[in-house]
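The residues making up each chain are set out below.
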There are 2 protein chains.
Amino acid sequence: MRKLTHLICLLQLVYFPAISQQIKTAAPDMLGGVPASTNIRGAKYPLILPDHRVVFKVKAPDAQKVQIDLGKKYDLVKEQDGFWNVTTDSIGEGFHYYTLLIDAFATADPASESFYGMGRMASGIEIPFAGGDYYAMKDVPHGDIRLKKYYSTVTQSWRQMYVYTPPGYDSHNAEKYPVLYILHGGGEDERGWATQGRTDMIIDNLIAAKKAVPMLVVMPDANIGAGGFGEESLKAFEKEMEQCIIPFTEKNYRTKNTADNRALAGLSMGGINTLYTGLYHTAIFSYLGVFSSGWIVPAQNAIANAQYDYLKQNSSKINQDLRLFWLSQGGREDIAYKNGQLMLGKLDELNIKHSYYEYPGGHTWPVWRNALYHFAPLLFK
Amino acid sequence: MRKLTHLICLLQLVYFPAISQQIKTAAPDMLGGVPASTNIRGAKYPLILPDHRVVFKVKAPDAQKVQIDLGKKYDLVKEQDGFWNVTTDSIGEGFHYYTLLIDAFATADPASESFYGMGRMASGIEIPFAGGDYYAMKDVPHGDIRLKKYYSTVTQSWRQMYVYTPPGYDSHNAEKYPVLYILHGGGEDERGWATQGRTDMIIDNLIAAKKAVPMLVVMPDANIGAGGFGEESLKAFEKEMEQCIIPFTEKNYRTKNTADNRALAGLSMGGINTLYTGLYHTAIFSYLGVFSSGWIVPAQNAIANAQYDYLKQNSSKINQDLRLFWLSQGGREDIAYKNGQLMLGKLDELNIKHSYYEYPGGHTWPVWRNALYHFAPLLFK
């Protein structure tokens, strides 16, 4: 009998379509709310209200306490039927990670898609907003995102990266393209820019509007070696980039293989990698983008001071090599703000040419999508 | 102070590398166990012992009850330090979905990668086994898997599919390829064959061994219309296939556009779609693969009987059109076994030529990977 129940359960889950196999987008409900686009197929909640407050409703009859952590924690209130619910404050634009806490156990919300972030599969919610047109899916030519496996002679293991190829890549067989190498943050991996970042849509839309030139975008996994922010990890990534990622990309795709056709950028931990790999290799990259980063004080003082010495001794060469050294932050609420400002001051002091851009929103994906949107049009022109 | 704690927490999670940003594969522990390859980076548990029993260890100090559901449910035992653990029975080969139950709330295990299956983001665990060589990552030429967005004139919405392009696709610009269209099961989507299925590795290895010809593999999202197994949903998918998926593929990739260069296959719900779309369109597809399916008795009797009538009236044409009609099941333990056997009997009775293959393991991904491995070499020869 136990076996039969299990069989019926399996039958419902796998062989028969789950109830969730319904139409993904539902009509607004009585409150004018709509299911988040990040909900799994057919899930009504999380429900986004017109003022961007979010209704969460979770069935957990045996739980003692249920919370949603969206940066701020919200306690859900138990109803009589085993459901718990809460309506949040108004949530800002775009993509946010969040966590469901069942009796204080932090897990992903089964009602939402999961994304690799915060060092695990985390829930994500997409808040639509008026300024989101630049990363919207539109009727323009679309490139492909390719999942590509390669063998790393540095780590002696198979690794994978995503490669965006622009519209026309397959049909214009003689054309070669410049490449933007772009790095995720700590607790994320190569999936970050491809999914949370909406890199393909941002670049598709920019190319269609003739604001950016057609380019490849390579999104590698920057977690390498022992991980972390020590110099050993920074060196391991530098080696992986120089010995594996760039040669593999240039061997397998039609790329223009000169420094002024290579850009390197990254967010948070990826910005630190960009500072380390990029500033010491201006013969390889002519364009650098550092989003929400800055040498970490005091943990990275020794690494930073060594680099500042290098910059001082080589300022004229670096200024000549780099066609763009672009730094950005998510306003004062960005956790990297103070470190970033200290570094900007040092760059001024050392006469290293750079541009700075600020967009409020803190240390979050809406800020990094926006950074890519402003950075990409400046490349390869 | 609350804000500061939150900031430090964010700093640890996002800006600083999470502790989980460590080397992914660890040395065997004292028991000879190794972390599953499906664990997130740095997670020790689930830990697979040499005899394929699995140790789960979960920190949940406030939970009253913790279980793992791997088909069979296992109760975890609480230790003194807030951890719960259990060692399972020996688990069979390959990929299995599983669920973590925290106080009876079914969710994904934060220690594992999540996969879209069972109608939600579910945990998955990969059990290595001696026969898994055919889907292992090997030093052979590798194709790409591409994430491709297209506008469906049937659903009036943007949809996405994965497209595997074989090694050499980019460099052999004049060559055209046959196409296998392959469909996921209920509660899954286009990600199923690309991730759980290891389609790229199976086909890469087969091509390298000269057992299969180079081909494209298109993995669409078969969840369409109202979903489910009614004729309306089957018709909606048939229309999407005929009016959108095939024309889009043949427009955007270098394909051979004749029936004997098109195959259609699917598992479970996707096998039902294959029966419906495939058998009525032998002018479009010369190869059909039906994995772990069979018209569902009695729910689909009317649809099945109409098809059996059609087969009876058109048996000689169908036998002439189809170069292969291949059916498979996961042994007697496959939940589709009885329906499948009934249908096989009908095919015999109606003199419809077909091949049948059985591989034990039930209604699961190890069986479907194996089905693809045996089906793909029979195509386009």
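For the structure given in this document, a descriptive report is provided here. Given the structure is predicted, the values throughout are model-derived calculations rather than measurements.

Topic: the nonpolar core
One finds A:Leu180, A:Phe291, B:Leu180 and B:Phe291 to be the most contacted residues of the largest nonpolar core, which totals 82 residues. Beyond its immediate sequence surroundings of up to four residues, A:Phe291 is in contact with A:Ile182, A:Trp193, A:Ala265, A:Gly266, A:Leu267, A:Ser268, A:Trp326, A:Ser328, A:Trp368, A:Ala371, A:Leu372 and A:Phe375.

Focus: the relation of the copies chain B and chain A
Once chain B is rotated about the relating axis by 180° and shifted along it by 0.0 Å, it coincides with chain A to within an RMSD of 0.0 Å. The operation mapping one copy onto its partner corresponds to a two-fold rotation axis. Taking C-alpha positions as reference, the residue of chain B nearest the rotation axis is B:Arg146, located at 2.1 Å. The residues that chain B uses at the interface reappear at the interface of chain A in 99% of cases, marking a shared surface.

Quick word on the sheet that holds strand S7 (residues 83-90) of chain A
Residues and elements named next belong to chain A. Reading across the sheet, the five strands line up as S1-S2-S3-S7-S6 and stay open at both edges, with antiparallel pairing between neighbours. Strands at the two margins of the open sheet, each flanked by one partner only, are strand S1 (34-35) and strand S6 (77-78). As judged from the two bridges shared by S1 and strand S2 (residues 47-48), these two strands associate in the antiparallel manner. Looking at the pairing, Pro35 lines up with Leu47 of S2.

Some remarks on the packing of aromatic side chains
Under the criterion given, the structure shown has 42 aromatic pairs over all chains. Taking 5.5 Å as the distance between ring centres and 35° as the angle between the ring planes, the aromatic pair formed by B:Tyr150 and B:Phe248 counts as tilted. Taken together, the residues B:Tyr150 in strand S12 (residues 144-152) and B:Phe248 in helix H4 (residues 231-252) connect sequence positions 98 residues apart. The residues B:Tyr150 and B:Phe248 share a single accessibility class, namely buried. Through a chain of ring-to-ring contacts, the aromatic side chains of A:Trp193, A:Phe291, A:Trp326, A:Tyr357, A:Trp365, A:Trp368 and A:Phe375 assemble into a single cluster. If you follow B:Arg369 out to its NZ or CZ, it ends over the ring of B:Tyr135, 4.4 Å from the centre.

Topic: the sheet that holds strand S2 (residues 47-48) of chain B
With antiparallel pairing, the five strands of this open sheet are ordered in space as S1-S2-S3-S7-S6 (chain B). Whereas interior strands pair on both sides, the edge strands pair on one side only; in this sheet they are strand S1 (34-35) and strand S6 (77-78) of chain B.

Remarks on the environment of A:Tyr98
Residues and elements named next belong to chain A. Assignment of secondary structure puts Tyr98 in strand S8 (residues 94-102). Residue class for Tyr98 comes out buried when judged on its relative accessible area of 1%. Only 2.7 Å separates the side chain of Tyr98 from the side chain of Asp109, close enough to count as a polar contact.

Remarks on helix H8 (residues 337-349) of chain A
Within an α-helix, residues lying three or four positions from one another point in the same direction, as the helix has 3.6 residues per turn. The first and last C-alpha atoms of H8(A) sit 18 Å apart over 13 residues, in line with the 18 Å expected at 1.5 Å per residue. Looking one or two residues past H8(A), A:Asn351 carries a phi angle of roughly 60°, positive in sign.

Looking at the pattern of salt bridges
Applying the stated criterion across every chain, the model contains 40 salt bridges over all chains. Residues B:Lys148 and A:Asp144 are paired through a salt bridge, measuring 2.4 Å at the closest nitrogen-oxygen approach. Taken together, the residues B:Lys148 in strand S12 and A:Asp144 in strand S12 (residues 144-152) connect one chain to another. Residue classification places A:Asp144 among the buried positions, given a relative accessible area of 2%. A salt bridge links B:Arg53 to B:Asp51; the shortest N-O distance between them is 2.7 Å. Look at the salt bridges and you will find they share partners, linking A:Asp144, A:Arg146, A:Lys148, A:Asp170, B:Asp144, B:Arg146, B:Lys148 and B:Asp170 into a network.

Section: the packing of helix H5 (residues 269-279) of chain A against helix H6 (residues 301-313) of chain A
All names here are of chain A. Closest axis-to-axis distance for the H5/H6 pair is 11 Å, and the angle between their directions is 35°. H5 and H6 meet at a crossing whose hand is left-handed. Residues Leu275, Tyr276 and Leu279 of H5 touch H6, and the partners they reach there are Ile303, Gln307, Tyr310 and Leu311.

Points about the interface of chain B and chain A
A common way to report how large an interface is uses the accessible area buried once the components associate. Each side of the interface is counted separately: chain B has 83 residues, and chain A has 82 residues. One can count 14 salt bridges joining chain B with chain A. Counting every contact that joins chain B to chain A gives 19 residue pairs in polar contact (both at pLDDT 80 or more). Per-element accounting of the side of chain B that touches chain A gives the leading share, eight residues, to helix H1 (residues 2-15) of chain B. For the side of chain B that touches chain A, a count of residues per class yields 38 nonpolar, 25 polar and 20 charged. The pairing of S12(A) with S12(B) spans three bridges and is antiparallel. Residue pairing across strands places A:Arg146 opposite B:Arg146, the latter belonging to S12(B).

Describing the pairing of strand S18 (residues 324-329) of chain A
Residue and element names in this part refer to chain A. Judged by how many residues are buried, S18 sits mostly within the fold: six of six residues are covered. Neither face of S18 is open: one carries Leu324, Trp326 and Ser328, the other Phe325, Leu327 and Gln329, and all of them are buried. Bridging between strand S17 (residues 287-291) and S18 involves five bridges; their strand directions are parallel. Looking across to S18, one finds that Leu288 is bridged to Phe325. Bridge count for S18 against strand S19 (residues 355-358) is four bridges, and the pairing is parallel. Residue pairing across strands places Gln329 opposite Glu358, the latter belonging to S19. Each parallel crossover has a hand, and for S18 linked through H8 to S19 it is right-handed.

Cut-off values and rules
- Residues numbered from 1 in each chain as written.
- Chains lettered and ligands numbered in written order.
- Predicted model: local features only at pLDDT ≥ 70, side-chain atom pairs only at ≥ 80, totals over all residues.
- Heavy atoms only, no water.
- Core = buried A, V, L, I, M, F, W, Y, C linked by side-chain atoms within 4.5 Å.
- Buried < 20%, exposed > 50% of the residue type's maximum accessible area, 1.4 Å probe, protein only.
- Contact = heavy atoms within 4.5 Å.
- Least-squares fit on C-alpha atoms with pLDDT ≥ 70 in both.
- Pairing = 2+ DSSP bridges.
- Helix = DSSP H or I, 4+ residues; strand = E, 2+ residues; numbered from the N terminus.
- Phe/Tyr/Trp six-rings, centres within 6.5 Å; stacked < 30°, edge-to-face > 60°.
- Lys NZ or Arg CZ within 6 Å of the ring centre and 35° of its normal.
- Polar contact = N/O pair within 3.5 Å; in protein donor to acceptor, adjacent residues only side chain to side chain.
- Expected span 1.5 Å × (residues − 1).
- Salt bridge = Lys/Arg side-chain N within 4 Å of Asp/Glu carboxyl O.
- Axes fitted to C-alpha atoms, helices over the stretch in contact; angles between N-to-C directions.
- Left-handed = near helix turned anticlockwise from the far one by under 90°.
- Nonpolar A, V, L, I, M, F, W, Y, C, P; charged D, E, K, R; others polar.
- Right-handed = clockwise from strand over helix to strand, strands pointing away.

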